[in-house]
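The primary structure of each chain is shown beneath.
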Amino acid sequence: MAVERARLTVVPRRRTRAARMPFVALVSLVLVGGVVGLLLFNTSMQQASFAATALEGQSTTLAAREQMLEMELDELRDPQRIAGAAQRLGMVQACAPAFIKLGSNEVVGQPCAAVASAFPIWPAEPKLPADLNPPPNVVEVTADPVVESGVSDDTADGATGNRARDGKKNQQQHQSQNSQR
């Protein structure tokens, strides 16, 4: 044989280890990136929460202001207030109007001049029913004259005289109860 066959032999496999440093660095980088991302997300959520709370407070304040302005506007539009202001300015209430028909120059209605009169704008306050406004109950108390011995005139009218009298009455009642036993 002219061409010899090359002889193949099994070469022992050489064990090569992959470098661990790039893998550890990649995993560490992914973990650090995840933690930083979560912290940034949490911070942005807290800022949004603070902004929402501030906006709710501002909304409440503005709603109260709107309600106050509407109440002021209602007071300014009150017909009684407007009529009172008109009377203070010297305006008077008009009487029944009269109309002129243009084609015939005829006056329809009774024309009259406005007269300054005391037109009641504010209604009189209603009277309370008798059940809610009862007549007063007056009780007159007269003082009994003090005619006890041993009590001076200057203490008979005062509180010490009353206490002395009450003390004697209590003592007499106590003695009568003891004698009944």
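Rules used throughout
- Counting restarts for each chain: residues are numbered from 1 in the order of the written sequence.
- Residues qualify for local features only when their pLDDT is at least 70, as the model is predicted, and side-chain atom pairs are given and counted only at 80 or more; totals for whole chains, interfaces and linings, by contrast, use all residues.
- Here the side-chain values reflect all heavy atoms present in the structure, with hydrogen atoms and water set aside.
- Here a helix means four or more residues in a row that DSSP labels H or I, a strand means two or more in a row labelled E, and each is numbered from the N terminus.
- Whether a residue is buried, partly exposed or exposed follows from its accessible area with a 1.4 Å probe, protein chains only, as a fraction of its type maximum: under 20%, in between, or over 50%, in that order.
- The criterion used for residue contact is that any of the two residues' heavy atoms lie within 4.5 Å.
- Without a salt bridge and with relative accessible area above 30%, a residue can belong to a patch; like charges are then joined within 9 Å and nonpolar side chains (Val, Leu, Ile, Met, Phe, Trp, Tyr) within 5 Å.
- Per-residue and other accessible areas were derived by the Shrake-Rupley procedure at a 1.4 Å probe size, with only the shown protein chains allowed to occlude residues.
- Put simply, a salt bridge is a Lys or Arg side-chain nitrogen that is within 4 Å of an Asp or Glu carboxyl oxygen.
- In this tally, Asp and Glu contribute negative charge and Lys and Arg positive charge; neither His nor the terminal groups of the chain are included.
- To locate a charge, the coordinates of NZ of Lys, CZ of Arg, CG of Asp or CD of Glu are taken.
- Values of pLDDT, the confidence the predictor places in each residue, fall between 0 and 100.

Undergrad: Give a detailed account of the overall build of the protein chain, specifying residues and quantitative values.
TA: Counting its secondary structure elements, the protein chain contains four helices and two strands. The linear arrangement of helices and strands in the protein chain, starting from the amino end, is α-α-β-β-α-α. Put simply, the protein chain has 181 residues, and 3% of those count as buried. Look at the contacts in the protein chain between residues 6 or more apart in sequence, and 25% of them connect residues 24 or more apart.

Undergrad: So what about a negative patch on the surface? Which residues, and what values?
TA: Taken together, E66, E70, E72, D74 and E75 make up a surface patch of like negative charges. Note on placement: E66 falls in helix α1 (residues 20-76). Residue E66 is classed as partly exposed on the basis of its relative accessible area of 48%.

Undergrad: Report on the confidence of the model for the protein chain, specifying residues and quantitative values.
TA: Residues of the protein chain with pLDDT of at least 70 account for 77%, and the chain-wide mean is 81. Scored below 50 in pLDDT, residues 155-159 shows eight contacts in the model against residues more than four places distant or in partner chains.

Undergrad: Give me the lowdown on a nonpolar patch on the surface, citing residues and values where you can.
TA: Together, F23, V24, V27 and L31 line one region of the surface with nonpolar side chains, adding up to about 390 Å² of accessible area. Within the element layout of this structure, V24 appears in helix α1. Overall, V24 belongs to the partly exposed group, its relative accessible area being 44%.

Undergrad: Mind laying out unusual backbone geometry, listing which residues take part and the relevant values?
TA: At N105, a position not held by glycine, the phi torsion is positive, near 55°. Within the element layout of this structure, N105 appears in the loop between β1 (99-101) and β2 (106-108).

Undergrad: Break down the environment of V107 for me, citing the residues and quoting the values.
TA: Mapping V107 onto the fold places it in strand β2. Take V107: its relative accessible area is 47%, and that puts it in the partly exposed class. Leaving out residues up to four positions away in the same chain, V107 has contacts with A98, F99 and I100.

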